[in-house]
Amino acid sequence: MKYISTLLFFLLCSLLAHGQGTFPPTFFDGKTIVLVSNDPGARPVVTWQVLADSIHPYLVRAGGDPVAYYELEQVALSEERQSEYAKAFLQRQIQNLIFITRQKDQTSIHVGKFSGDGKLIPDASLFGVSGKDWKIAAQQFAGYGSTTPTRNLLVSDQAEFLGLVNQGAVTGAQKFIPRNPLNLEVFRLGIPLEGTSAVNGPISTFRYNAYGKSAETLLSEQGEQKRGLEEIFSGKYPHEIVWLTETKSNSELWDDRIRFMLVKVEGRQADLMSSMGLQPLTGEEGQKTVVKYYIRLLARNEQYIGPSWDANPDWRVALSQFLENLKK
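Procedures and definitions
- Residues numbered from 1 in each chain as written.
- Predicted model: local features only at pLDDT ≥ 70, side-chain atom pairs only at ≥ 80, totals over all residues.
- Heavy atoms only, no water.
- Helix = DSSP H or I, 4+ residues; strand = E, 2+ residues; numbered from the N terminus.
- Buried < 20%, exposed > 50% of the residue type's maximum accessible area, 1.4 Å probe, protein only.
- Contact = heavy atoms within 4.5 Å.
- Areas by Shrake-Rupley, 256 points an atom, 1.4 Å probe, with all protein chains shown as cover.
- Phe/Tyr/Trp six-rings, centres within 6.5 Å; stacked < 30°, edge-to-face > 60°.
- Salt bridge = Lys/Arg side-chain N within 4 Å of Asp/Glu carboxyl O.
- Pairing = 2+ DSSP bridges.
- Axes fitted to C-alpha atoms, helices over the stretch in contact; angles between N-to-C directions.
- Core = buried A, V, L, I, M, F, W, Y, C linked by side-chain atoms within 4.5 Å.
- pLDDT = per-residue confidence, 0-100.
- Expected span 1.5 Å × (residues − 1).
- Polar contact = N/O pair within 3.5 Å; in protein donor to acceptor, adjacent residues only side chain to side chain.
- Parallel < 35°, antiparallel > 145°, perpendicular 65-115°, else oblique.
- Left-handed = near helix turned anticlockwise from the far one by under 90°.
- Nonpolar A, V, L, I, M, F, W, Y, C, P; charged D, E, K, R; others polar.

In terms of helices and strands, the protein carries 11 helices and 11 strands. For the protein, the residues scored as buried account for 47% of the 328 residues in total. For the protein, the proportion of contacts with a sequence separation of at least 24, taken over those separated by at least 6, is 75%. For the protein, the accessible surface area stands at approximately 16200 Å², while carbon and sulfur atoms represent 53% of it.

Here it is, written out as structure tokens:
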């Protein structure tokens with residue numbers, strides 16, 4: 001009877017599991033970083049740290065060694081931020097990443113091998129499970145992992161929350177410059193479209209406000225985004241632009257006379273300002289989720305954020321304000 005119950009449990013898990021493959025072998029013999037994305041609208045209301053604390057024992061039971069937890073939105077703020085985290089993870093000899101995504105109607109847990117570069121994972125096709133709440137998802141995850149022997153023996157029994165190493169040096173290395181770039185009229189500006197491979201970051205797939213969207217939804221949103229961008233640019237940007245729908249190397253962009261790239265980042269306003277070397281806003285304004293645009297000069301990897309802070313919760317307003325500020 002016990003055997004039948006166990007078999008039924010794993011059959012049920014098989015129906016609920018998604019993604020590709022299984023646990024990476026390194027999960028059972030290597031350190032793991034956990035990235036948590038927690039929908040503030042989910043009920044009951046808990047912080048991402050409390051969610052991490054609750055799920056931690058199940059990740060250990062699965063056979064993992066989760067050495068540190070970070071909020072996914074903090075890590076995914078920008079390409080530069082992801083690269084700095086990747087360097088820190090390499091120094092700590094991290095082998096794997098786990099993504100915890102809590103939405104209003106479900107919680108999902110995915111695991112994959114750390115890629116060792118700024119993408120953090122090779123792609124978004126990771127093994128994962130989902131449940132109607134965090135506990136069901138965590139139990140499924142632990143059930144799958146417990147079938148494989150683990151070599152992770154000296155594991156912390158509590159979740160640890162660490163900051164990014166050498167944060168001050170990071171801001172300087174990113175070269176965020178509070179003014180406008182020169183020579184925009186001479187060269188072309190590349191504009192990556194969201195939902196395409198031109199926009200970095202497979203880890204963004206696991207953000208609570210992005211996970212689970214169908215290809216049709218993403219395509220529809222991309223079309224709407226392009227129409228909105230065209231409308232704004234036609235009235236506010238007199239120079240040449242190029243739409244980018246696939247990843248290109250810097251040399252390929254240069255061959256196409258593209259020297260500048262428009263970059264869109266989204267996160268808490270205080271976090272974005274701090275990451276760009278600015279004095280962050282406090283209180284309610286600092287906690288708002290906003291969109292900020294800036295221009296990257298490819299030749300020197302410099303990020304021009306403009307002479308005035310122009311982030312806004314509405315991406316259309318944020319872009320309009322940024323393009324207006326380019327005239328200063």
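Another point: the packing of aromatic side chains. This structure, assessed with the given rule, holds 18 aromatic pairs. Seen in terms of ring centroids, Y69 and F161 are 6.1 Å apart; in terms of plane orientation they differ by 55°. Their pairing is tilted. Within this pair, whereas Y69 is found in strand β2 (residues 65–71), its partner F161 is found in the loop between α5 (134–145) and α6 (167–174), the two being separated by 92 residues in sequence. By relative accessible area, which is 34% here, F161 ends up partly exposed.

What follows covers the pattern of salt bridges. Scanning all chains against the criterion turns up 12 salt bridges. Between E71 and R268 there is a salt bridge, with its nearest N and O atoms 2.5 Å apart. One end of the pair, E71, is in strand β2; the other, R268, is in strand β9 (residues 258–268), with 197 residues separating them in the sequence. For R268, a relative accessible area of 24% puts it in the partly exposed group. For E324, the salt bridge goes to K327, with nearest N and O atoms at 3.5 Å.

A few words on the sheet that holds strand β10 (residues 289–297). Reading across the sheet, the 6 strands line up as β6-β11-β10-β9-β7-β8 and stay open at both edges, with mixed pairing between neighbours. Each end of this open sheet is capped by a strand with a single partner; those strands are β6 (176–177) and β8 (241–244). Relative to β10, β9 runs antiparallel, the two sharing 9 bridges. The residue bridging V263 from the neighbouring strand is Y294, located in β10. Its contacts with the sheet put helix α11 (residues 315–325) on β9, β10 and β11 (302–304), and the angle it makes with β10 is roughly 40°.

Glancing now at the sheet that holds strand β3 (residues 94–102). In a beta sheet, neighbouring strands pair by backbone hydrogen bonds and run either parallel or antiparallel. The 5 strands are arranged β2-β1-β3-β4-β5 in an open sheet whose pairing can be described as mixed. In this open sheet, the two edge strands, each paired with only one partner strand, are β2 and β5 (127–131). Taken pair by pair, the neighbouring strands of this sheet meet at an average axis angle of 20°, ignoring direction. Of the strands in this sheet, β1 (31–38), β2, β3 and β4 (107–113) touch helix α2 (residues 48–61), which is tilted by about 160° from β2.

Our next topic: the nonpolar core. Grouped together as the largest cluster of nonpolar side chains are 25 residues, with contacts concentrated most on I98, I109 and F141. Those elements giving two or more residues to this core turn out to be β1, α2, β3, β4, β5 and α5. Counting residues per element, this core draws most heavily on α2, which supplies 6 residues. Those residues in contact with I98 that lie beyond four places of it in its chain are F27, T32, I33, V34, L35, L59, I109, H110, V111 and F141. If you look at the next biggest cluster of nonpolar residues, it comprises 22 residues, including F233, L262, Y304 and W315.

Moving on: the confidence of the model for the protein. Mean pLDDT over the protein stands at 85; residues scoring 70 or higher make up 87%. Segment residues 1–17 is flagged for pLDDT under 50; beyond a separation of four residues in sequence, or across chains, it makes 16 contacts in the model.

So, on to α5. The end-to-end C-alpha separation of α5 is 17 Å, in line with the 16 Å expected for 12 residues at 1.5 Å each. Residues of α5 that are buried: A137, A138, Q140, F141, A142, G143, Y144 and G145. Structurally, the start of α5 carries an N-cap: the backbone nitrogen of K135 is 3.1 Å from a side-chain oxygen of D133.

For the pair α2 and α5, the least separation of the axes is 8 Å and the interaxial angle reads 20°. Taken together, the axes of α2 and α5 lie roughly parallel to each other. α2 and α5 meet at a crossing whose hand is right-handed. Residue-level inspection shows L51, S54, I55, Y58, L59 and R61 of α2 in contact with α5, the latter providing W134, K135, A138, Q139, F141 and A142. Among the residues making up the contact of α2 with α5, the classes are represented as 8 nonpolar, 2 polar and 2 charged.

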